[in-house]
Amino acid sequence: MASEKWESLLRATCLSGDEETLEKSLGVPGGAHLNVTEPSSNSSTVQKRGPNQCWVCSCRSEFNRFYIRALCVRALEDGVLITIYRARASQNPDAHSEAKIGTSPDASELLDDLRSHKGVATL
């Protein structure tokens, strides 16, 4: 999928939807689908349609990254703290993520980190 199409879908979802809205816009028949680029045997790359879990994880991750960025901006504007919580139940949460629950990171640092590390794990 072209990055412009992805950005357009993500923006529309952030304005009037949630991560499931984004998932549906990418996964419904006739809708857009996430393409994955992977190496091929002749040192070039091949685009393939990603497995369902791939686009579901991408949707959740990207939507949540934008949501957290918005929370950081709002916290900075209002002069309030943000507090980390688990929004979705996890059958196997990792210790690093569990240790963050209840903490209040600096909103400015978190926002800078999210903006400078697009598509990768953050603080």
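Rules of the game
- Residues numbered from 1 in each chain as written.
- Predicted model: local features only at pLDDT ≥ 70, side-chain atom pairs only at ≥ 80, totals over all residues.
- Heavy atoms only, no water.
- Buried < 20%, exposed > 50% of the residue type's maximum accessible area, 1.4 Å probe, protein only.
- Helix = DSSP H or I, 4+ residues; strand = E, 2+ residues; numbered from the N terminus.
- Arc of directions from axis to C-beta.
- Polar contact = N/O pair within 3.5 Å; in protein donor to acceptor, adjacent residues only side chain to side chain.
- Salt bridge = Lys/Arg side-chain N within 4 Å of Asp/Glu carboxyl O.
- 1 Å grid on protein atoms, 1.4 Å probe; cavity = no way out; pocket = protein on both sides within 12 Å on 5 of 7 lines; lining within 4 Å.
- Points joined across faces, edges and corners; volume = space filled by probe spheres on them.
- Nonpolar A, V, L, I, M, F, W, Y, C, P; charged D, E, K, R; others polar.
- pLDDT = per-residue confidence, 0-100.
- Phe/Tyr/Trp six-rings, centres within 6.5 Å; stacked < 30°, edge-to-face > 60°.
- Lys NZ or Arg CZ within 6 Å of the ring centre and 35° of its normal.
- Core = buried A, V, L, I, M, F, W, Y, C linked by side-chain atoms within 4.5 Å.
- Contact = heavy atoms within 4.5 Å.

## Some remarks on helix H5 (residues 107-116)
Moving on, step 1. Of the residues making up H5, those classed as buried are Ala107, Leu110, Leu111, Asp113 and Leu114. Buried residues of H5, viewed axially, fall in a sector of 165 degrees; they line one side. In H5, the exposed positions angled more than 90 degrees off the buried face are occupied by Glu109 and Ser116.
Moving on, step 2. Structurally, the start of H5 carries an N-cap: the backbone nitrogen of Ser108 is 3.1 Å from a side-chain oxygen of Asp106.

## Structural notes on the pattern of salt bridges
Moving on, step 1. All told, the structure shown has two salt bridges when counted by the stated rule.
Moving on, step 2. One salt bridge in this structure joins Asp78 and Arg74, with 2.8 Å as the shortest N-O distance. One end of the pair is Asp78 and the other is Arg74, both in helix H3 (residues 52-78) and four residues apart, which spans about a single turn.
Moving on, step 3. Residue Asp78 is classed as partly exposed on the basis of its relative accessible area of 44%.
Moving on, step 4. Relative accessible area serves as the criterion here: at 52%, Arg74 is assigned to the exposed category.

## A closer look at the layout of surface pockets
Gaps between atoms show up when a probe of the same size as a water molecule is rolled over them.
Moving on, step 1. Approximately 440 Å³ is the volume attributed to the second largest pocket.
Moving on, step 2. Forming the boundary of the second largest pocket are 15 residues, of which Leu10, Arg11, Cys14, Phe66 and Arg69 lie nearest the centre.
Moving on, step 3. Counting only elements with at least two residues in the lining of the second largest pocket, the list comes to helix H1 (3-16) and H3.
Moving on, step 4. A per-class count over the lining of the second largest pocket returns eight nonpolar, one polar and six charged.

## Some details on the confidence of the model for the protein
Moving on, step 1. For the protein, per-residue confidence averages 76 on the pLDDT scale, and residues scoring 70 or more make up 67% of the total.
Moving on, step 2. Of all helices and strands in the protein, the one with the weakest mean pLDDT is strand S2 (residues 45-49) (53), whereas H5 scores best (93).

## Re the environment of Val80
Moving on, step 1. Looking at the element boundaries, Val80 is found in the loop between H3 and helix H4 (95-100).
Moving on, step 2. Judged by relative accessible area, which is 48%, Val80 ranks as partly exposed.
Moving on, step 3. Separated by 27 residues in sequence, Val80 and Ala107 place their C-alpha atoms 9.0 Å apart.

## Thoughts on the packing of aromatic side chains
Moving on, step 1. Enumeration according to the criterion identifies zero aromatic pairs in this entry.
Moving on, step 2. It is Arg69 that lies over the ring of Phe66; its NZ or CZ is 5.0 Å from the centre.

## Section: the nonpolar core
Moving on, step 1. Counting residues in hydrophobic clusters, the biggest one holds seven residues: Cys72, Ala75, Ile82, Ala107, Leu110, Leu111 and Leu114.
Moving on, step 2. Put simply, the parts of the chain that give this core at least two residues each are H3 and H5.
Moving on, step 3. The greatest single-element share of this core, amounting to four residues, is contributed by H5.
Moving on, step 4. Residues contacting Ala107, with those up to four places away along its chain left out, are Cys72, Ala75, Leu76 and Ile82.
Moving on, step 5. Trp6, Leu10, Leu22 and Cys59 belong to the second largest nonpolar core, which has five residues in total.

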